[in-house]
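Here are the chains, one letter per residue:
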Amino acid sequence: MKATVWWTGVWVWGIAMVGHGMAEESPAARAQSFLAFYNATYQRLYQVAQEAQWLAATDVRPEHTGRRIGADAALAAFVGSPWVIEQCRALESASGAQDELTRRQLRVIALMAAEVPGTQPDLVRERVAAEARQSAILDGFEFRWTPPGSTSPQRLTANQIDDLLLTSTNLAERRAVWEASKQSGVALKEGLLQLRDLRNRLAREMGYSSYYALRAAHFGLTVPELRALLERLVAETRPLYEQLHAWARRRLAQRYGQPVPRLIPAHWLPNRWGQEWPGLVEGLDLDPMFRDRSAEWIVRQAVAYGESLGLPRVPDTFWTRSDLYDLPPESPRKKNTHASAWDMDLNGDVRSLMNVKPSFGWFATAHHEMGHVFYFLAYHRPEVPYVLRRGASPAMHEAMAETLATPTVQPPYLKRLGLWPDGVAADDLRWLLNAALDQVVFIPWAAGVMASWEHDFYEENLPADELNRRWWMYVERYQGIAPPEPRGEEFCDPATKTHINDDPAEYYKYALAFLTKYQFHLYLARQLGQDPRQSDFYGRREVGAFLMRIMQAGATRDWRSLIRDATGEDLSARPMLEYYAPLFEYLRRENEGQPVGW
Ligand code: X8Z
Ligand code: ZN
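For every chain, the first residue of the written sequence is number 1, and numbering continues from 1 onward in sequence order. Think of it this way: whatever chain is written first is A, whatever ligand is written first is 1, and the rest follow in order. Note on the predicted model: pLDDT of at least 70 is required for a residue's local features to be given, and 80 or more for side-chain atom pairs to be given and counted; whole-chain, interface and lining totals, by contrast, use all residues. Based on all heavy atoms of the structure, the side-chain values leave hydrogens and waters out of the count.

Novice: How should I be thinking about the coordination of the zinc ion (ligand 2) in this particular structure?
Specialist: By definition of the ideal shapes, four donors in a tetrahedron about a metal sit 109.5 degrees apart, and six donors in an octahedron sit 90 or 180 degrees apart. Note: metal donors comprise N, O and S atoms at 2.8 Å or less from the metal (3.2 Å for Na, K and Ca); water molecules are not included, so apparent gaps in a site are possible. Around the zinc ion (ligand 2), the donor atoms from the protein are His368 (NE2), His372 (NE2) and Glu398 (OE), and they sit 2.0 to 2.1 Å away. A four-donor site is classed as tetrahedral when every donor-metal-donor angle falls between 85 and 135 degrees; four donors are called square planar, and six octahedral, when trans pairs exceed 155 degrees and all remaining angles lie between 65 and 115, with any other arrangement labelled irregular. Here the zinc ion (ligand 2) binds four donor atoms, and the angle range of 96 to 124 degrees at the metal identifies the geometry as tetrahedral. Between consecutive donor residues of the zinc ion (ligand 2), the sequence gaps follow H-x3-H-x25-E. Taken together, the residues span a long stretch of sequence, with His368 in helix H14 (residues 360-379) and Glu398 in helix H15 (residues 394-405) at a distance of 30 residues. Residue class for His368 comes out buried when judged on its relative accessible area of 11%. Of the residues examined, Glu398 reaches a relative accessible area of 6% and is grouped as buried. The secondary structure listing takes helices from DSSP runs of H or I that are at least 4 residues long and strands from runs of E that are at least 2 residues long, numbered from the N terminus. Exposure categories follow from relative accessible area, calculated using a 1.4 Å probe and restricted to protein chains: below 20% of the type maximum is buried, above 50% is exposed, and the middle band is partly exposed.

In structure tokens:
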């Protein structure tokens, strides 16, 4: 009797649902119909915005900035529309009824909406325009300098700045170039402050404590969790960094005929921000290895390496639509000078914007950018909805890019390409030292200086007259570096770093990526029975299959569980430290009796 009543009830309910159109009623079905509409619309508007951004970045002109503002505003109007926000909230609150793929899509959609919430349309409009204007200043910036002994100012390209800092041994010249490289900060300061205000107000509108907290949410972390993670990683790598620092300041003092300083003067270092220190190890000058190679050869090698692993074939349109090479200083066209990879339509139109010239730095960077491109191609598949065609986290995208760049510091790969310098043994500790000066040195910069300054900038609303002081405080604390003389607040040195302007509040992703890369690398070398410092993955399809398992998932899986499932371990600095363990012992001997730390 009871059963009959129950069955009758189900039957009546079923009829009623069909009558009302059941697809409208169950939370799961409502979510599916919302997501189908959202994904299709998002893909089209995203593509239009990407095209406009590409044009604005590769040919900086007011009319292209204008087009970008129009296209970005259209995308923002959809992504942040109050209707989308409301749908997301309603469907997320019924998340018990949704499967994981649905929940992950709703999460990403909510995070994207929080960048440009349509409940504050004026602020969104202002932000879209301010972002485009800031990029135009950054991308079109002309550096000028007056070389020592000359009286007339000259133009200086970003590649020229980098070359001079890498090679010049004249301290007056180095200082002039370093100071010229800080000119853009002055031009970018006002726009950056305006953007901070807009980004924060919009994030706060959506309940985040600041824009920094919104970006941290892309990693599934709160601000305190993120801070604790980064401080731990900095602390774990600090002993090795201090040894490198002690070695490098002696080496540089000897190079310039100066007393050994406590803090390394910023203009002594071969990089504008001291983020990596190439070219310090005697007998390991890598740029001459590229003297007979063309810029195109470099990009072709990077593509060939990924394809040798069995990663997806790079489409012909990559070659015809990308903008890969350096422009001459007198070029009337101006383009962004920082390397990037672009997923234009989430569907196979992949490009890269670079300024490749034959040098070791660009060799490594080209491999990095192709890593992003392979990741794009891997998740361009029907099983991955458009909104999840992205890295498992922003750090995972960088980790894949870095993983593709790992062979550029592996002797067997360089030998295979005929690039290995004569007279250097493959197991020479100098080679490991050279790699650490690139990789380990990066951690206090990314997880320390950049992460802390952006935290204070957004979370604490750092006042306009304290930006530079705070910056150099962190540079001293984490990197042990000092400016040639105190820098006033008329400068805005953090703004000279591209990402502070156009990839804000998540630069720590690179530190996480570097560490993840070592975790992957050690795991893979062990699987293949290879020495991790002398490994050769070229042509190894197992390596490609390992990477594809992670890459194909896009953002359908949590980044931390992907790392754990792939390697059996949580993210930590341990694998990087294991890789450099022989170097640590070597440096302790080298630095014996000398001060270490600052
Ligand atoms: O910005 C980049 C890449 C593009 S995603 C070239 N990198 C960081 C930088 O240059 O500051 C790579 C490592 C660090
Ligand atoms: Zn990258």
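Novice: When you look at the packing of aromatic side chains in this model, what are you seeing that I'm missing?
Specialist: Within a pair of aromatic rings, the relevant descriptors are the distance that separates the centres and the angle that separates the planes. A pair of aromatic rings is counted whenever rings of Phe, Tyr or Trp (Trp by its six-membered ring) have centres within 6.5 Å, and the orientation is called stacked for planes under 30 degrees apart, edge-to-face for over 60 and tilted otherwise. The full count for this structure, using the stated rule, is 42 aromatic pairs. Aromatic side chains Trp445 and Trp471 sit 5.8 Å apart centroid to centroid with 90 degrees between the ring planes, which places their arrangement in the edge-to-face category. Of this pair, Trp445 sits in helix H18 (residues 442-459) while Trp471 sits in helix H19 (residues 467-479); the two residues are 26 residues apart in sequence, bridging distant segments of the chain. The residues Trp445 and Trp471 share a single accessibility class, namely buried.

Novice: How do you make sense of the packing of helix H2 (residues 27-58) against helix H5 (residues 100-115) when you look at a structure like this?
Specialist: The description of two helices packed together rests on the angle between their axes and the distance between the axes. For helices, the axis comes from a line fit to the C-alpha atoms of the stretch in contact; other axes are also lines fit to C-alpha atoms, and the angle between any two N-to-C directions lies between 0 and 180 degrees. The interhelical angle for the contact between H2 and H5, taken along N-to-C directions, is 50 degrees, at an axis separation of 11 Å. Relative to H5, the element H2 lies oblique. For the pair H2 and H5, the sense of crossing is left-handed. Packed against H2, whose contacting residues are Ala31, Gln32, Phe34, Leu35, Tyr38, Asn39 and Tyr42, the element H5 presents Thr102, Gln105, Leu106, Ile109 and Met112 at the interface. Gly counts as polar in this scheme, as do all residues outside two lists: the nonpolar Ala, Val, Leu, Ile, Met, Phe, Trp, Tyr, Cys and Pro, and the charged Asp, Glu, Lys and Arg. Classifying every residue of the contact of H2 with H5 by side-chain character gives eight nonpolar, four polar and no charged. Here roughly perpendicular refers to angles of 65 to 115 degrees, roughly parallel to angles under 35, roughly antiparallel to angles over 145, and oblique to all remaining angles. By convention, the crossing between two helices is left-handed when the near helix turns anticlockwise from the far helix through less than a right angle, and right-handed when the turn is clockwise. For this analysis, residues touch if any pair of their heavy atoms sits within 4.5 Å.

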